Amino acid sequence: MKKLFLHIGLGKTGSSALQSWLSLNAEAFSKQGVDYADLVPQAKTGEVSSGNGYPLHNACVNQDFEEVERLLNTTYFFNRRNHVALVSCELFQGLRMPLLEKLNDTFIKCDIDVTVIVYVRSIYEQLYSTYLQGIKRSSIAHRFGEYVSAISVENLRSRIDALKVTWTTFALS
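Here the structure is a predicted model, which is why all the values come from computation and not from measurement.

J.: Account for a nonpolar patch on the surface, with residues named and values stated.
T.: On the surface, a cluster of nonpolar side chains totalling about 370 Å² of accessible area is made up of Y124, Y128, L132 and I135. With respect to the helices and strands, Y124 occurs in helix α6 (residues 123-138). The class for Y124 is exposed, based on a relative accessible area of 53%.

Now the structure itself:
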């Protein structure tokens with residue numbers, strides 16, 4: 001049985017840094033028996049991306065589960081000697097239950113055991129980091145307290161709770 005570690009990066013949890021590190025070390029991982037499909041060349045330079053799981057996510061959204069199966073068998077598990085693969089993508093957090101069920105069926109069909117990894121940051125730290133990024137990239141000019149008031153903290157909390165319930169109660173293996 002193959003083993004897939006599926007990292008779902010939530011905003012402001014270091015996903016881009018993790019993806020960059022994975023990309024820089026893909027060859028070393030392969031020598032250790034772990035495949036990391038290095039599909040995003042800009043990750044090596046630390047640029048923000050959606051990770052190597054972007055094609056898999058797109059295939060799911062397009063409901064092309066033949067492509068999902070092909071990607072799993074040839075792209076993510078590319079070295080026949082290796083039985084462990086790493087996939088990282090922020091976009092998986094938005095998949096709805098019917099697509100997750102089809103994805104799960106494909107994992108079973110391909111004899112792949114999946115472990116989902118999600119890092120969660122405190123809401124305050126996430127908001128503050130997002131605020132600072134807004135200052136750097138968008139020239140936000142209002143104070144942090146005004147920024148927090150403009151965003152529904154309860155909405156953020158409910159999104160995190162929904163994600164946790166979806167992925168922990170849905171048996172992927």
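J.: Go over helix α4 (residues 65-76), please, and point to the residues and values.
T.: The set of residues buried in α4 consists of F65, V68, L71, L72, T75 and Y76. Across the axial projection of α4, the buried residues extend over an arc of 125°, all falling on one side.

J.: Tell me about the packing of aromatic side chains, and please be specific about residues and values.
T.: A complete count under the given rule lists 1 aromatic pair for this structure. Judged by centre distance (5.4 Å) and plane angle (80°), the rings of W21 and F29 are edge-to-face. Residue class for W21 comes out partly exposed when judged on its relative accessible area of 47%. K2 extends its terminal NZ or CZ atom over the ring of F77, reaching a point 5.0 Å from the ring centre. Directly above the ring of F5 sits K3, whose terminal nitrogen or CZ lies 5.3 Å from the centroid.

J.: Tell me about the pairing of strand β3 (residues 84-88), and name the residues and values.
T.: A large share of β3 lies buried, amounting to 4 of its 5 residues. Note: strand β1 (residues 2-8) against β3, 5 bridges, orientation parallel. Bridge pairing links K3 to V84 in β3. Here 3 bridges tie strand β2 (residues 34-36) to β3, and the two strands are oriented parallel to one another. Bridge pairing in β3 places D35 opposite A85.

Each value, and the rule that gives it
Residues numbered from 1 in each chain as written. Predicted model: local features only at pLDDT ≥ 70, side-chain atom pairs only at ≥ 80, totals over all residues. Heavy atoms only, no water. Patch = residues over 30% accessible without salt bridge, like charges linked within 9 Å, V, L, I, M, F, W, Y side chains within 5 Å. Areas by Shrake-Rupley, 256 points an atom, 1.4 Å probe, with all protein chains shown as cover. Salt bridge = Lys/Arg side-chain N within 4 Å of Asp/Glu carboxyl O. Helix = DSSP H or I, 4+ residues; strand = E, 2+ residues; numbered from the N terminus. Buried < 20%, exposed > 50% of the residue type's maximum accessible area, 1.4 Å probe, protein only. Arc of directions from axis to C-beta. Phe/Tyr/Trp six-rings, centres within 6.5 Å; stacked < 30°, edge-to-face > 60°. Lys NZ or Arg CZ within 6 Å of the ring centre and 35° of its normal. Pairing = 2+ DSSP bridges.

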